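# An overview of the molecular structure
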Amino acid sequence: MSGRATGELARRAAEAVDPTRAVELTQALVRIRSVFEPGHPESNETAAATYLAAVLRKSGLRVTVQEVVPGRPNVIADWQGTGFRASRHRTLMFEGHTDVVTEGDRSGWTHDPFAGEVVASRLYGRGSADMKAGIAAAVTAVEAVASTAPDLAGRIRLGIVVDEEGMMIGIKDFIARGWAAGIDGAIICEPEENELCLHQKGALRIGVTFRGVMSHGAMPYAGVNPIPWLARFVEGVARIEADEQARVGEHPHLGLPWLTPTVVRAPKEGEQQLNVLPETAYLALDIRTVPGQQHSELRRRLAGLAAEITAGDPRADIAIELIEERPWTETSADDPLVKALERACRIALDRQPAYGGVPGATDGTFLHSLAGVPIVTVGPGDRTIPHQRDEFVEVEALVESARLYAAAAVEFLVAEGSESER
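Keep in mind that this is a model prediction, so the values were computed, not measured.

Attention now goes to the overall build of the chain. Along the backbone of the chain there are 10 helices and 18 strands. Computed over C-alpha atoms, the radius of gyration of the chain comes to 24 Å, within 12% of the 22 Å expected from 2.2 N^0.38 for 422 residues, which places it in the range of a compact globule. Summarising its shape, the C-alpha atoms of the chain cover approximately 80 × 45 × 40 Å along the three principal directions. In the form shown here, the chain has an accessible surface area of approximately 17,600 Å², with 50% of it arising from carbon and sulfur atoms.

This paragraph deals with the state of the cysteines. On inspection of all chains with the given rule, the structure shows zero disulfides. There is no disulfide at Cys197, and the cysteine sulfur nearest it, in Cys345, is 11 Å away.

Enumeration over the complete set of coordinates arrives at three aromatic pairs. Both rings, one in Phe94 and one in Tyr405, keep their centres 5.2 Å apart while their planes meet at 45°; by these two values the pair is tilted. Here Phe94 is found in strand S3 (residues 91-97), whereas its partner Tyr405 is found in helix H10 (residues 395-414), with 311 residues between them in sequence. The same class applies to Phe94 as to Tyr405, namely buried.

So, on to helix H7 (residues 295-312). Between its terminal C-alpha atoms H7 stretches 26 Å, which fits the 26 Å expected from 18 residues at 1.5 Å a residue. Within the span of H7, buried status applies to His295, Leu298, Leu302, Leu305, Ala306 and Ile309. Mapping the buried residues of H7 onto a view down its axis gives an arc of 95°, with all of them on the same face. Exposed and facing more than 90 degrees away from the buried side of H7 are Ser296, Arg300, Glu308 and Ala311. Each element contacted by the buried residues of H7 is listed here: strand S9 (202-211), helix H6 (227-248), strand S13 (280-289) and strand S14 (317-326).

Here helix H4 (residues 128-148) crosses H10 at 45°, and the two axes come no closer than 8 Å. If you check the angle between H4 and H10, you find them oblique. Handedness of the H4/H10 crossing: right-handed. Touching Ala133, Gly134, Ala137, Ala138, Thr140, Ala141, Ala144 and Val145 of H4 are Leu398, Ser401, Ala402, Tyr405, Ala406, Ala409 and Val410, all from H10. Each residue belonging to the contact of H4 with H10 can be placed in one class, and the counts come to 12 nonpolar, three polar and no charged.

Attention now goes to the sheet that holds S13. Through backbone hydrogen bonds, the strands of a sheet pair up, either in parallel or in antiparallel fashion. The strand order S11-S13-S9-S14 describes an open sheet built from four strands, whose pairing is antiparallel. Looking along the sheet, the strands with just one partner apiece sit at the ends: strand S11 (258-265) and S14. Shown here is a sheet whose adjacent strand axes are inclined to one another by a mean of 20°, direction ignored. Judged from the 10 bridges that link them, S9 and S13 form a sheet pairing that is antiparallel. By the bridge assignment, Arg211 is partnered in S13 with Thr280. Running over the sheet, H6 touches S9, S11, S13 and S14 and is turned about 10° from S13. Its contacts with the sheet place H7 against S9, S13 and S14, and it is angled at close to 170° to S14.

Look at helix H8 (residues 336-348): 18 Å from first C-alpha to last across 13 residues, which is about the 18 Å you get at 1.5 Å a residue. Within the span of H8, buried status applies to Leu337, Val338, Ala340, Leu341, Glu342, Ala344, Cys345, Ile347 and Ala348. Its side-chain oxygen placed 2.9 Å from the backbone nitrogen of Leu337, Asp335 serves as the N-cap of H8.

This part is about the environment of Gly96. Relative to the elements of secondary structure, Gly96 occurs in strand S3. If we ignore the near neighbours within four places in the chain, the residues touching Gly96 are Met131, Ile135, Gly159, Ile160, Val161 and Asp363.

Interhelical geometry of helix H2 (residues 19-30) versus H10 gives an angle of 110° and a closest axis separation of 10 Å. Considering their axes alone, H2 and H10 lie roughly perpendicular with respect to each other. By crossing handedness, the relation of H2 to H10 is classed as right-handed. Contacts between H2 and H10 involve Pro19, Ala22, Val23 and Thr26 from the first element and Val395, Leu398, Val399 and Arg403 from the second. Grouping the constituent residues of the contact of H2 with H10 by class yields six nonpolar, one polar and one charged.

The subject of this paragraph is the nonpolar core. Across soluble globular proteins, nonpolar side chains show a tendency to be buried alongside one another. Grouped together as the largest cluster of nonpolar side chains are 73 residues, with contacts concentrated most on Leu56, Phe94, Val145, Leu158, Ile187, Leu341 and Tyr405. Ranked by the residues each element gives to this core, the list is headed by H10, at 14 residues. The contacts of Leu341, once residues within four sequence positions are left out, are Ile187, Leu196, Val376, Val378, Leu404 and Ala408. In terms of nonpolar packing, the next biggest core, distinct from the first, is built from 22 residues, Leu204, Trp229, Leu230 and Leu259 among them.

Let us now look at the pairing of S9. Counting buried residues along S9, eight of its 10 residues qualify, which places the element largely inside the surrounding structure. With nine bridges joining them, S9 and S14 adopt antiparallel strand pairing. Along S14, the bridge assignment pairs Gly207 with Glu321.

What follows covers the pairing of strand S6 (residues 155-161). The side chains of a regular strand alternate, residue by residue, between the two faces of the sheet. Most of S6 is tucked away: seven of the seven residues are buried. What you see with S6 is no split at all: Arg155, Arg157, Gly159 and Val161 on one side and Ile156, Leu158 and Ile160 on the other are buried throughout. Direction of pairing for strand S2 (residues 72-80) relative to S6: antiparallel, over a ladder of six bridges. Residue Val75 lies in a different strand from S6, and its bridge partner there is Ile160.

Relative to the helices and strands, Thr26 resides in helix H2. Residue Thr26 is classed as buried on the basis of its relative accessible area of 0%. Of the polar contacts made by the side chain of Thr26, one reaches the backbone oxygen of Ala22; its length is 2.8 Å. If near-sequence neighbours (up to four positions away) are discounted, Thr26 is found in contact with Leu123, Ser128, Lys132, Ala133, Ala136 and Leu398.

Reading the values: the criteria
Residues numbered from 1 in each chain as written. Predicted model: local features only at pLDDT ≥ 70, side-chain atom pairs only at ≥ 80, totals over all residues. Heavy atoms only, no water. Helix = DSSP H or I, 4+ residues; strand = E, 2+ residues; numbered from the N terminus. Rg over C-alpha atoms; globule rule 2.2 N^0.38 Å. Areas by Shrake-Rupley, 256 points an atom, 1.4 Å probe, with all protein chains shown as cover. Disulfide = S-S within 2.5 Å. Phe/Tyr/Trp six-rings, centres within 6.5 Å; stacked < 30°, edge-to-face > 60°. Buried < 20%, exposed > 50% of the residue type's maximum accessible area, 1.4 Å probe, protein only. Expected span 1.5 Å × (residues − 1). Arc of directions from axis to C-beta. Contact = heavy atoms within 4.5 Å. Axes fitted to C-alpha atoms, helices over the stretch in contact; angles between N-to-C directions. Parallel < 35°, antiparallel > 145°, perpendicular 65-115°, else oblique. Left-handed = near helix turned anticlockwise from the far one by under 90°. Nonpolar A, V, L, I, M, F, W, Y, C, P; charged D, E, K, R; others polar. Pairing = 2+ DSSP bridges. Polar contact = N/O pair within 3.5 Å; in protein donor to acceptor, adjacent residues only side chain to side chain. Core = buried A, V, L, I, M, F, W, Y, C linked by side-chain atoms within 4.5 Å.

Distances and angles like these do not, on their own, reveal function.
In structure tokens, the structure reads:
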């Protein structure tokens, strides 16, 4: 198919997107409170997954529902054109997550967090931007492609997973079960103001325990206070942060790297008492990295900092724990998925693409780092609005995303040279 013909097909797919359908799907999803709360058996993603599975089956997709852990199911749905051959043609993935963070104190909301109200062209509710609008846009886009290009020589896979807001067990399970095999590119449908994000920050979560000897506060000489070691460690972390910021500079889309102390506690567990020298102190670090940094080197420097403190005070007992590691990601500007999205912006939205960066990690982190899938993060919603009260998504942005996704799917799957090389 020529480039002109592909572009015309992409335009028809974008125009086939039903705005009302996109809004109603988003509202239906927002009205399902898919907050995961340990200890509350009904607070999970089951209802949202069940609803989506039914919608996708009705739309003609082949649907698989798999529990990652009890009550937390991933939904995987495939559509393929009649011209698709697995050994020859590309597969595009749209990725999203069904879990949302808690609404907190509902009295602080102007709009009911689970009503899905549309007021002045904004759709309100917890998860409206992060990221039920993105899921609805992807579903609507696939339906539009299926209706306009039934003989497409390509396949679309929807991976709608659990626990993105936690330890990302959903996408890890998706990869472990082999669902990422054969995927040639993935659009991560997170709220990024419909900017094409080719970069996302990495994350290191570190816990540091300092162990001393408990004693009465009136007789500190009878014990060993771990808190001064923690204070020196925090000062050292600030020096490492300054060194790294000076070394790598400010990334054009991600900004500066940060090493941020987020939790300080003494003792590490149990009751804090004003007149007791604690046996332990605890520090948590949330480290956000950019291209050019090596997580192994940062961990080495933190270990060196602990050794420096111990050398100055042989009584110091410092243990560093890696809680989780999420590598930064970078997709080449020349990747076929990027080029398809750039063309889709011009075709579906009649504008040049805008570019941004993802300030946090996403499920795409692991699709890229564990499965080697090229990713671009792009979706509806202000990137600063997730997790806030009165979270919302602009209806116009939602519809734009669906049209962008539909056009990008056609451009990626039927562009010249689209036979899979994976």
